[in-house]
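So you can see what is in the structure, the chains are spelled out below.
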Amino acid sequence: MSNPTHPPAVGVLDQGPEPTFPPGFLWGAATAAYQIEGAAAEGGRAPSIWDTFSHTEGRVVGGHTGDVACDHYHRMPDDVRLMAELGLKSYRFSVSWPRVQPGGSGVANQEGLDFYRRLVDELLANGIEPWLTLYHWDLPQPLEDLGGWPVRDTAARFADYASLVADAVGDRVKYWTTLNEPWCSAFLGYGSGAHAPGRSNGADAVRAGHHLMLGHGLAVQALRAALPQAQLGVTVNLYPVTPASDAPADVDAARRIDGLANRFFLDPMLRGSYPEDLVADLAEVTDFGHVRDGDLEIISTPLDLVGINYYSRHVVAAPVPGEEPEKYWRAPSCWPGSEDVRFVTRGVPVTDMDWEIDAPGLVETLRRVHEEYTDLPLYVTENGSAFVDTVQDGQVDDVDRLAYFDAHLRASHEAIAAGVPLRGYFAWSLMDNFEWAWGYTKRFGMVWIDYDTQVRIPKSSARWYAEVIRRNGLAAQ
Ligand code: FCB
């Protein structure tokens, strides 16, 4: 590939009306296996927790499932051709664990691995750098039946699975990320229950978070041994957390939520310890007895890069006695021990997810990780927005999504100018897809999917992004 792994740092960036990115900046788009592949019962694939969850009444809007999704499993070569037409330099996809190791342990399913071998070959043949995520939330159901992520053994199973994938495509994939957004797996999966496997127990959520990170550390060690040339990292979803006022109680609420949302993962993986205030906040929930000697050394195994997913900001306030706290994500325990903190809306423009649009928050997030945690190269591994789209005369003119991307790319550029070693950006998402508990009702794609016919239509944002990639920068505002 022509992209150097780490492009040379540029001293002064052009901050003029037409911001240009450093040479070799890795322009990409992202997807995840369960959200696009379909073919849920083909090629030897077995159910994951998301199959079980989506087939359980009342869990996903409209009873939608990932059974067919974008049918990418069958349309992969055409989809890669579309990526090439858009000029993507990289494509971030996830491997479906239950497709390549249906039982969650033991032998690999070669037919499943073959799909990813073909995908990687197709990408490389089109000059597109594969960026592989090992875990985007689809735990094999047999492992959940044994207790899932709250159980320690799941971490070891994950490292075994990582080795199977490394054996299959390690010679051709340079960029590897272990987990996608462990906060969601732990706190939405086992805390609020809004995501699969739909369990609601604060202590289990905290244990799940720990074992996800342990699995990450073990997988990094296994990959490092097998693939000394690979670039290894993890993807976390981060939010700036702002107090609604200067009142000490609001400031403390922000500290607590920042602990649970951001520092719970950043500190163990990048510093090798849990934050003391977080451990104290969680005292009523867990005594952290699940943390064994040596775990934090494994969890903080050195990385080559950090992936950051950024969507929005949290503004929070202290509880008001007698007032119901806002029910975030439809159930309170995704913030164990801090369930009474209020999430405040500011009245600024929101996306179709009701997430506030806050591009300066991306600058803040990138600077924080760089200035407080690490000198490692950073990548925005997801950023994007859902809006209601309409097809008119065969076109989808998604001006709001385009503006969202534009604002966040200007923010990315600003972060680079401030000294952040940001090396790439992945738009979420390449195409409309199964948006988890929202099913197909939320569209994040740069490419429209007609779910009846599987016709793909690049939206205005896709055409615009192709031009951004071509010029390696943005037009004047
Ligand atoms: C992120 C997920 C991704 C997608 C976007 C909208 O949290 O990683 O799969 O759902 O949100």
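Rules of the game
- Residues numbered from 1 in each chain as written.
- Predicted model: local features only at pLDDT ≥ 70, side-chain atom pairs only at ≥ 80, totals over all residues.
- Heavy atoms only, no water.
- Axes fitted to C-alpha atoms, helices over the stretch in contact; angles between N-to-C directions.
- Helix = DSSP H or I, 4+ residues; strand = E, 2+ residues; numbered from the N terminus.
- Parallel < 35°, antiparallel > 145°, perpendicular 65-115°, else oblique.
- Left-handed = near helix turned anticlockwise from the far one by under 90°.
- Contact = heavy atoms within 4.5 Å.
- Nonpolar A, V, L, I, M, F, W, Y, C, P; charged D, E, K, R; others polar.
- Pairing = 2+ DSSP bridges.
- Near = heavy atom within 4 Å.
- Polar contact = N/O pair within 3.5 Å; in protein donor to acceptor, adjacent residues only side chain to side chain.
- 1 Å grid on protein atoms, 1.4 Å probe; cavity = no way out; pocket = protein on both sides within 12 Å on 5 of 7 lines; lining within 4 Å.
- Sits in = over half its atoms within 2 Å of the grid points.
- Expected span 1.5 Å × (residues − 1).
- Bend = angle between axes of the 7 residues up to and from the residue.
- Buried < 20%, exposed > 50% of the residue type's maximum accessible area, 1.4 Å probe, protein only.

Next up on the list: the packing of helix α14 (residues 399-417) against helix α15 (residues 460-471). For the pair α14 and α15, interaxial distance at closest approach is 8 Å and the crossing angle is 30°. It follows that α14 is roughly parallel to α15 by the angle criterion. Considering how the two elements wind past one another, α14 and α15 form a crossing that is right-handed. Side by side, α14 and α15 meet where Arg401, Leu402, Phe405, Asp406 and Leu409 of the first sit next to Ser460, Ser461, Trp464, Tyr465 and Val468 of the second. Residues of the contact of α14 with α15, tallied by class, amount to 6 nonpolar, 2 polar and 2 charged.

Strand order in this closed barrel of 8 strands is β1-β2-β3-β4-β5-β7-β10-β11, and the pairing throughout is parallel. Across the sheet, the mean angle separating the axes of adjacent strands is 25° when strand polarity is ignored. As paired elements, strand β5 (residues 231-237) and strand β7 (residues 305-309) share 5 bridges and run parallel to each other. Residue pairing across strands places asparagine 237 opposite asparagine 309, the latter belonging to β7. Relative to β5, helix α10 (residues 248-271) is tilted by about 160°, and along the sheet it contacts β5 and β7.

With that out of the way, let us pick up the site of the ligand. Close to the ligand lie Gln35, His136, Trp137, Asn180, Glu181, Tyr311, Glu382, Trp428, Glu435, Trp436 and Phe444, which account for all nearby residues. Residue glutamine 35 places a side-chain N or O atom 2.8 Å away from an oxygen atom belonging to the ligand. Here glutamate 181 contributes a side-chain N or O atom positioned 2.5 Å from an oxygen atom of the ligand. Here the ligand occupies the largest cavity. Along the lines of polarity and charge, the residues of the shell around the ligand split into 5 nonpolar, 3 polar and 3 charged.

A separate point is helix α3 (residues 72-86). Compared with the 21 Å implied by 1.5 Å per residue over 15 residues, the 17 Å span of α3 between its first and last C-alpha is markedly short. In α3, a bend of some 40° at aspartate 78 exceeds every other bend along the element. By the burial criterion, the buried members of α3 are His72, Tyr73, Met76, Asp79, Val80, Leu82, Met83 and Leu86. Directly after α3, the chain includes glycine 87, whose backbone phi takes a positive value near 80°.

Regular strands place side chains that alternate from one sheet face to the opposite one. For β5, the buried fraction is high: 7 of the 7 residues fall into the buried class. Burial along β5 is two-sided: the residues Gln231, Gly233, Thr235 and Asn237 and Leu232, Val234 and Val236 are all buried. Bridge count for strand β4 (residues 175-180) against β5 is 4 bridges, and the pairing is parallel. Residue pairing for β5: threonine 177 is matched across the bridge by glycine 233.

Keep in mind these numbers describe shape, not what the thing actually does.
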